[in-house]
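# Fold and geometry: a report
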There are 4 protein chains.
Amino acid sequence: MGNSLGKLFTVTSFGESHGPCVGVIIDGCPAGLAITRADIQQEVDRRRAGQSVASTGRHEEDRVEILAGISNGFTTGAPICLLVRNKDIDSSDYERIKHLLRPGHADYTAFVKYGGFNDYRGGGRFSGRITAGHVMAGAIAKKLLGTLGVEVLAHAVEIGGIKAKSVNYEKIKPAVEKNPLRCADPIASRKMSELIERVRAEGDSVGGIVEGIALNVPVGLGEPVFDTLDGELAKALLAIPAVKGVEFGAGFRVAGLRGSENNDLFTIEDGKVITKTNNAGGVLGGISTGMPIIVRVAVKPVASILKPQSTVDIEQMKEATLTIGGRHDVCIVPRAVPVVEAMMAVTLCDFALRAGKIPGVIR
Amino acid sequence: MGNSLGKLFTVTSFGESHGPCVGVIIDGCPAGLAITRADIQQEVDRRRAGQSVASTGRHEEDRVEILAGISNGFTTGAPICLLVRNKDIDSSDYERIKHLLRPGHADYTAFVKYGGFNDYRGGGRFSGRITAGHVMAGAIAKKLLGTLGVEVLAHAVEIGGIKAKSVNYEKIKPAVEKNPLRCADPIASRKMSELIERVRAEGDSVGGIVEGIALNVPVGLGEPVFDTLDGELAKALLAIPAVKGVEFGAGFRVAGLRGSENNDLFTIEDGKVITKTNNAGGVLGGISTGMPIIVRVAVKPVASILKPQSTVDIEQMKEATLTIGGRHDVCIVPRAVPVVEAMMAVTLCDFALRAGKIPGVIR
Amino acid sequence: MGNSLGKLFTVTSFGESHGPCVGVIIDGCPAGLAITRADIQQEVDRRRAGQSVASTGRHEEDRVEILAGISNGFTTGAPICLLVRNKDIDSSDYERIKHLLRPGHADYTAFVKYGGFNDYRGGGRFSGRITAGHVMAGAIAKKLLGTLGVEVLAHAVEIGGIKAKSVNYEKIKPAVEKNPLRCADPIASRKMSELIERVRAEGDSVGGIVEGIALNVPVGLGEPVFDTLDGELAKALLAIPAVKGVEFGAGFRVAGLRGSENNDLFTIEDGKVITKTNNAGGVLGGISTGMPIIVRVAVKPVASILKPQSTVDIEQMKEATLTIGGRHDVCIVPRAVPVVEAMMAVTLCDFALRAGKIPGVIR
Amino acid sequence: MGNSLGKLFTVTSFGESHGPCVGVIIDGCPAGLAITRADIQQEVDRRRAGQSVASTGRHEEDRVEILAGISNGFTTGAPICLLVRNKDIDSSDYERIKHLLRPGHADYTAFVKYGGFNDYRGGGRFSGRITAGHVMAGAIAKKLLGTLGVEVLAHAVEIGGIKAKSVNYEKIKPAVEKNPLRCADPIASRKMSELIERVRAEGDSVGGIVEGIALNVPVGLGEPVFDTLDGELAKALLAIPAVKGVEFGAGFRVAGLRGSENNDLFTIEDGKVITKTNNAGGVLGGISTGMPIIVRVAVKPVASILKPQSTVDIEQMKEATLTIGGRHDVCIVPRAVPVVEAMMAVTLCDFALRAGKIPGVIR
């Protein structure tokens, strides 16, 4: 249980890293939304390995298959089923280390929870590969948000302690798509690349921070007191493996601010109520304010490192040394960027439907 | 909608700040749990105003009433309904500023979402007072977790930029209960008090950070890939007004760590698998590891400040100056401590039930 | 768990027969709906005891209290909490028969499920009294449906084997409200009354059938393949104690019909697609057709009868004879009529919201 | 939305009649359940066309594919994804009658609800073919119930007005599996076959009644007041196309019974509390009593008949005559039998999990 997300735009994830496929069902997408396989493929391609120095992991073709819910280029109102096949699979290394708990991975927690019956190969359900499904759902969600004029984007703002300079919203998207690390600041990006090369040579890995932004979000999304917009975004983003923290607007900086500094003052612009600053990150009382939604997620360093690590052999219940082979990403941050966008888009769709902002049929 | 939390241990919140009462329904608590009105009252008393220099806001008796679900000192298996009456209410100041959007509050978002029909007095549903219901639910949840040996505690670790020193888990609880700011470091606490006095004199407010800890949590709580333990904790904690960020274990620090630093190495202690460090904050793959769960929330400065602020008159759609009167907390952090505990306890109960760790009847 | 119904218009029931109160929370009602205490009281009064020969049970004042969610005569968008206090309570007879399982009641199933901790007095959560909450929720739902022009009504069509003649929809409502048995056929009603008197003299009880009708339901309500309109109606109606069957349109008669008899042929009337007959009862493929929704529920005879019955003493685990004292209804059918309307209205509201037929704010 | 069923054992349906496949996801099945493709295939084979005189519809190989959640013959705890491909598809007749509303089908309601974007070919999502997914989920559910000793069976008790004699539970299963109409009474079965032949010759169809039975169900399943065992069973069974009514135990007969006739008296047998009769059909207060669960569903005559029918051309908005070609079942009752079993099994699994009767890992 626990593999569905969203109340009206409901995403159900399935598949394992080394099973036949990874897929997703989207239930609740209104009928009549124009969408092609290529639209979805494009998002899936953005999260594929091998696009930057940071990512040298497993290569997959990841061809999107539509099994249900889309017909003649439009959604039908029926559940949409999408999947990508798993192809580039060599499970032998996992067989070798089957009983050695990989530090930073879910091997131990999964072993206990599923009594050892879980598919451990490649991390099974806990693999980053599962996010291929997230991204397919996000592709549908982005298209649907597009009918409202809502745009979702994300970018790397920190890698391995190197922080990017702040960049205007309009410049982020084009800059990010040209940059292999998906960082909009070219100078920081260069330093990050150098760091990653160094860290790779050491057989180590690094983490970072991704910032997600949603523009043109209508006022009024969010269903407090419990189904808040920020709460559901946080939950959705923490479903990305490796995310360890989520903050909105000024985020953890609020701990050092005065009320007079942190309060965003209201004013009127072009006949609309806006705030002069956006420390709230676009959310007040769990509801969207109409200002950009700003969320940052902390992404931990890739857990699979080449350096030997001490651990436990769970079958023999004794200490052991683990050496992980194979190809692994050094830094997952650039590939997390489209996944952050996807989870934001999916959550915003759910709330837009709950608020009645999207009709039952798109025409 | 959106006022229920939890799948098997379901908390439904109701009531407004200046309406007849604030209350909560807990559905899903197993029958046979011994609990008294005093157990619940004790938690409610911990979040009351007037216990420290930080809190000079509205004073309420907050006497807990049990309307359903508890009989002869035991839960019956039926939904539990608890409430506290609202008493110390003067709505006249809210009448005066009815059309002035208070910066940092949900006045604007609620006005748009509910078409002006929402009860704006005292913030209505968006008042911190609503957390009296959270805390009542938490009291039940804590008792239920007690049957598993799980303990939940929280403390203030930062106020207005002043950071507390790290303290051993065993020392936090007793230290916190003696300290008016609920900070376990007495030296930092003194500085925080001085800062708060200063800030009060300026008619301003400050924010801070609360750390929540859960001890003895069994391995295996959490239902990935979407209903992760960390994701649901984050969602529950973001239902506390003023929380703007949530992080687990090393949290945002992971952005600057190497994999070899951040990975918690497995080892064996007393025949049990543990990790040597706890950068994961007790959660891997969305599932509890058995190590302490460590979560920190960023609490923004109180939005109601005495300093005049520029804002918008929403009825006349023109700029205006707002001066808020009445008594308001300068820093909500100490009062947030029991609320953080409550939301953690509620979430852990839900997952303990989902994992089958709690029987249908407590005997 | 299990005390909430509905996805967007969510009704949560609480309270026990002999506890402080019986109540309900409605979460998801849009803001701006005009509703008074009197509107709700009127529905509650319709289900009170003592209005006909059939009902001689416990008399309660059942004064509706509004605890949250309605302000100045309008819903606020916040959860609505309504309750009636329990007053006319003598639990002594229940104390006497505490360990004797009353046939036809939930004493045994509740005893096992809740380990004997359930409030057994007056049936506790399993009492028909719980439906006072259903009816309060129904009052809100009816008002909300009224904004769409949807009308819900019900009537007794069979009592103790005596069947009422079919009556035109327009005549049912006025006829029913004048008739103490809520049967629109005055001749059948007279016979039913005579039967009930006879059955009362024998210390026995009788069952019957209630038919519920919803008029002007828009085409398109229902979310197949699982959340069908008929499926959710059936679930909601089976939450009325004593209901043992639910059928739509031709119902069980379809077992003997040919396709050519049962198929409702489409035609056009006033520019609208309608069907010439309505064997479907207004539902095709789990979705409303725009024709009247017709549902019938089988109501079992009241389980509490004055005749001695053999049963089991659950404490001593031996056979025993049970003699039930006190006042009990002979036939619950007339009082079930407003409850059937309530459960239909609640379900239709949920689907109308899901289909986007009701705006977020009523103006 | 609306394509998921169950809270802890959650079944999500996808696929269209003439799309690539029909499938299902089962989320919440504990890890460690032994199950093979053959176990699932066997149930799917039971609902295939062409096994009796009643069924002459579309022939499919219906080979079950396992895409996720089962590994090495055991469930892994991950979501299980199963599907059958659609093969024997000729959509040309549907193209011809695309704008003619087929009476008794969901053509009109789907057209309005999904704005004409729904896949109308073969009824799309409203085809009986969708129940191949129900049956695959049921196969998993039956296996899981088997670990508790619970058995689910169903049989045809009425076809076209011809009623079968009552048969002992133990004899039903073997008798049913030998009988092409799945009726345990061979004499009635012969008459039913003759009737069906006659009706086929007339180009017409007939309905009937299926009875479902669950044996060895533990006491205590069901979560009143709203998530009752009978309510959820009814909802699940009404998700079978063509079902128009559901009744438990004495069902609609209760309308003519006295309380003294209908009440099931408690007694003790082999140290266990049982009832002497089972008019309750195994459910009291929405909770299982431990007696067999008995439910009957009314199945309407197949809507696709060869006789010409008058209807509406929805594009031209004018009356028209419809002549349906192709092969269609004359009576769906025998094929509905395994589907009734499946929906019962799925519902019982959900409640067994909710009641904590099934462990998180099967060993």
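Since we're looking at a predicted model, the values are computed, not measured.

Further remarks concern the overall build of chain A. In terms of helices and strands, chain A carries nine helices and 18 strands. Here chain A has a C-alpha radius of gyration of 21 Å; the compact-globule value for 363 residues is 21 Å, and the two agree. Over its C-alpha atoms, taken along the principal directions, chain A stretches across nearly 65 × 50 × 40 Å. For chain A, the residues scored as buried account for 68% of the 363 residues in total. Contacts spanning at least 24 positions in sequence make up 73% of the contacts within chain A whose residues lie at least 6 apart.

So, on to the environment of Ile196(C). Residues and elements named next belong to chain C. Tracing the backbone through its elements, the reader meets Ile 196 in helix H6 (residues 186-201). For Ile 196 and Ala 54, which are 142 residues apart along the polypeptide, the C-alpha to C-alpha distance reads 6.3 Å. Ignoring anything within four residues of it in the chain, the contact list for Ile 196 reads Val 53, Ala 54, Val 206, Val 330 and Cys 331.

Attention shifts here to the relation of the copies chain C and chain A. Taken as rigid bodies, chain C and chain A are interconverted by a rotation of 180 degrees and an axial shift of 0.0 Å, the fit giving an RMSD of 0.0 Å. Accordingly, the operation relating the two chain copies is best matched by a two-fold axis. Minimal C-alpha separation from the rotation axis in chain C is found for Gly356(C), amounting to 3.0 Å. The residues that chain C uses at the interface reappear at the interface of chain A in 100% of cases, marking a shared surface.

With antiparallel pairing, the 10 strands of this open sheet are ordered in space as E9(C)-E8(C)-E10(C)-E16(C)-E11(C)-E11(D)-E16(D)-E10(D)-E8(D)-E9(D). Two strands in the sheet have a free side with no partner beyond their single neighbour: strand E9 (162-163) of chain C together with strand E9 (162-163) of chain D. As judged from the five bridges shared by strand E11 (residues 243-248) of chain D and strand E16 (residues 293-299) of chain D, these two strands associate in the antiparallel manner. The partner of Phe248(D) across the bridge, within E16(D), is Val295(D). Along the sheet, helix H5 (residues 169-178) of chain D contacts strand E8 (151-159) and strand E10 (208-215) of chain D; its crossing angle with E8(D), the most-contacted strand, is approximately 75 degrees.

Glancing now at the sheet that holds strand E7 (residues 80-85) of chain A. Residue and element names in this part refer to chain A. Strand order in the open sheet formed by five strands is E1-E2-E3-E7-E4, and the pairing between neighbours is antiparallel. Only two strands of the sheet have a single neighbouring strand rather than two, namely strand E1 (4-5) and strand E4 (65-68). Contacting strand E2 (10-15), strand E3 (21-27) and E7, helix H4 (residues 131-146) crosses the sheet at an angle of about 35 degrees to E3.

When the parts come together, some accessible area is lost, and that loss is often what is quoted as the size of the interface. Taken together, the contact between chain C and chain A spans five residues of the former and five residues of the latter. Here the residues of the side of chain C that touches chain A sort into two nonpolar, two polar and one charged.

Let's shift gears to helix H6 (residues 186-201) of chain D. All names here are of chain D. Helix length check: H6 (16 residues) gives 23 Å between terminal C-alpha atoms against 22 Å at 1.5 Å per residue, within 8%. Among all positions in H6, only Ser 189, Met 192, Ser 193, Ile 196 and Val 199 are buried. Along the axis of H6, the buried residues cluster in a sector spanning 130 degrees; they form a single face. Facing away from the buried surface of H6 by more than 90 degrees, the exposed residues are Ile 187, Glu 197 and Ala 201.

On to the environment of Asp62(A), then. All names here are of chain A. In this fold, Asp 62 is placed in the loop between helix H1 (37-46) and E4. Sequence separation between Asp 62 and Cys 21 is 41 residues, and the spatial gap between their C-alpha atoms is 9.5 Å. Among all residues touching Asp 62, those that are not within four sequence positions of it are Val 44, Arg 48, Val 84 and Ala 132.

Our next topic: the confidence of the model for chain A. Confidence in the prediction of chain A, expressed as mean pLDDT, is 95, and 99% of residues score 70 or more. Scoring the predicted complex yields pTM 0.98 and, for the interface, ipTM 0.98.

This part is about the interface of chain A and chain B. Each partner contributes residues to the interface: chain A has 87 residues there, and chain B has 87 residues. Considered class by class, the residues forming the side of chain A that touches chain B number 40 nonpolar, 30 polar and 17 charged. Relative to strand E11 (residues 243-248) of chain B, strand E11 (residues 243-248) of chain A is paired through three bridges, and the arrangement is antiparallel. Note on E11(B): the bridge partner recorded for Val246(A) is Val246(B).

What follows deals with the pairing of strand E16 (residues 293-299) of chain B. Residue and element names in this part refer to chain B. Along E16, seven of the seven residues are buried, which leaves the element largely enclosed by surrounding structure. Relative to E16, strand E10 (residues 208-215) runs antiparallel, the two sharing seven bridges. Along E16, the bridge assignment pairs Glu 211 with Arg 296.

All names here are of chain D. For the pair helix H7 (residues 229-237) and helix H9 (residues 333-354), the least separation of the axes is 9 Å and the interaxial angle reads 140 degrees. With respect to H9, the element H7 is oriented oblique. Relative to H9, H7 is oriented so that their crossing is right-handed. For the pair formed by H7 and H9, the contact residues are Leu 229, Glu 232, Leu 233, Ala 236 and Leu 237 on the first element and Val 340, Met 343, Met 344, Val 346, Thr 347 and Phe 351 on the second.

This part takes up the packing of helix H7 (residues 229-237) of chain C against H7(D). When two helices pack together, their arrangement is given by the angle between the helix axes and the distance between those axes. Contact geometry for H7(C) and H7(D): axes closest at 8 Å, N-to-C directions at 170 degrees. With respect to H7(D), the axis of H7(C) lies roughly antiparallel. Each of Gly231(C), Glu232(C), Ala234(C) and Lys235(C) in H7(C) lies in contact with H7(D), whose residues at this interface are Gly231(D), Glu232(D), Ala234(D) and Lys235(D). Classifying every residue of the contact of H7(C) with H7(D) gives two nonpolar, two polar and four charged.

Of the consecutive residues Pro224(C) and Val225(C), the connecting peptide bond is found in the cis state with omega at 15 degrees. Located in the positive-phi region is Met317(D), a residue other than glycine, with phi close to 50 degrees. When you line up the elements, Met317(D) lands in the loop between strand E17 (309-313) and strand E18 (318-322).

Secondary-structure assignment places Leu257(D) in the loop between E11 and helix H8 (259-262). On the neighbour-count criterion, Leu257(D) (19 C-beta atoms within 10 Å) is partly exposed. In sequence terms Leu257(D) and Ile324(D) are 67 residues apart; their C-alpha atoms lie 45 Å from each other. Ignoring any residue separated from it by four or fewer positions in sequence, one finds Leu257(D) in contact with Gly207(C), Pro301(C), Ala250(D) and Asn262(D).

Each value, and the rule that gives it
Residues numbered from 1 in each chain as written. Chains lettered and ligands numbered in written order. Predicted model: local features only at pLDDT ≥ 70, side-chain atom pairs only at ≥ 80, totals over all residues. Helix = DSSP H or I, 4+ residues; strand = E, 2+ residues; numbered from the N terminus. Rg over C-alpha atoms; globule rule 2.2 N^0.38 Å. Buried ≥ 20, exposed ≤ 12 C-beta atoms within 10 Å, placed from the backbone. Contact = placed C-beta atoms within 7 Å. Least-squares fit on C-alpha atoms with pLDDT ≥ 70 in both. Pairing = 2+ DSSP bridges. Axes fitted to C-alpha atoms, helices over the stretch in contact; angles between N-to-C directions. Nonpolar A, V, L, I, M, F, W, Y, C, P; charged D, E, K, R; others polar. Expected span 1.5 Å × (residues − 1). Arc of directions from axis to C-beta. pLDDT = per-residue confidence, 0-100. Parallel < 35°, antiparallel > 145°, perpendicular 65-115°, else oblique. Left-handed = near helix turned anticlockwise from the far one by under 90°.

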